[in-house]
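# Structural overview for review
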Amino acid sequence: MVKPTRVSNSIRPLRFAAGEMTQAELAERVGVTRQTIIAIEQGKYSPSLEVAFQIAHALGVRLDEVFSYPTTTSNGDSA
């Protein structure tokens, strides 16, 4: 069983904000398959850094507007 990623994303709402872009359109702009976009959106797969930047560029936003990662302090609490 594949462990879900802790990287969260806002791809779906950003696609709709970008003129209701489909997963297939985003995949074509980024150069990946639609299945890859689906897996990333669902948090089942973390993209490479290059693909993450390409997704942000295709959506017309900064990388940190698309992806986030939970930060923790030294005692394990979320920051």
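One can find the structure itself at the top, above this paragraph.
Conventions adopted
Residues numbered from 1 in each chain as written. Predicted model: local features only at pLDDT ≥ 70, side-chain atom pairs only at ≥ 80, totals over all residues. Heavy atoms only, no water. Buried < 20%, exposed > 50% of the residue type's maximum accessible area, 1.4 Å probe, protein only. Helix = DSSP H or I, 4+ residues; strand = E, 2+ residues; numbered from the N terminus. Contact = heavy atoms within 4.5 Å. Core = buried A, V, L, I, M, F, W, Y, C linked by side-chain atoms within 4.5 Å. Polar contact = N/O pair within 3.5 Å; in protein donor to acceptor, adjacent residues only side chain to side chain. Salt bridge = Lys/Arg side-chain N within 4 Å of Asp/Glu carboxyl O.

### Thoughts on helix α3 (residues 34-41)
When we look at burial in α3, the residues that qualify are Ile37, Ile38, Ala39, Ile40 and Glu41. In this structure, the buried side of α3 is in contact with β1 (8-9), α1 (11-17), α2 (23-30), α4 (49-59) and β2 (67-68). Just past α3, the residue glycine 43 takes up positive phi, approximately 75 degrees.

### A look at the nonpolar core
One finds Ile11, Leu26, Ile55, Leu59, Val66 and Phe67 to be the most contacted residues of the largest nonpolar core, which totals 16 residues. At the level of elements, α1, α2, α3 and α4 are the ones that each hand at least two residues to this core. Among the elements that line this core, the one with the most residues is α4, at six residues. Those residues within four positions of phenylalanine 67 in sequence are excluded, and the remaining contacts are Val7, Ser8, Asn9, Ile11, Ile40, Pro47, Ala52 and Ile55.

### As for the side chain of glutamate 41
Here glutamate 41 shows up in helix α3. Here glutamate 41 falls in the buried class, since its relative accessible area comes to 18%. Side chain to side chain, glutamate 41 and arginine 15 meet in a polar contact 2.5 Å long.

### Quick word on the pattern of salt bridges
Enumeration over the complete set of coordinates arrives at three salt bridges. Glutamate 41 serves as the salt-bridge partner of arginine 15, at 2.5 Å between the closest nitrogen and oxygen. With a gap of 26 residues between them, arginine 15 in helix α1 and glutamate 41 in helix α3 connect regions that are remote in the sequence. A relative accessible area of 3% means that arginine 15 is categorised as buried.

### Quick notes on the environment of aspartate 64
You can see aspartate 64 is positioned in helix α5 (residues 63-66). Note on aspartate 64: relative accessible area 53%, which makes it exposed. The spatial distance from the C-alpha of aspartate 64 to the C-alpha of asparagine 9 is 9.1 Å, given a sequence separation of 55 residues. Separated by 3.0 Å, the side chains of aspartate 64 and arginine 62 make a polar contact.

### Some details on unusual backbone geometry
Residue glutamate 20 is not a glycine yet carries a positive backbone phi of 55 degrees. In this structure, glutamate 20 sits in the loop between α1 and α2.

By themselves these figures say nothing about function.
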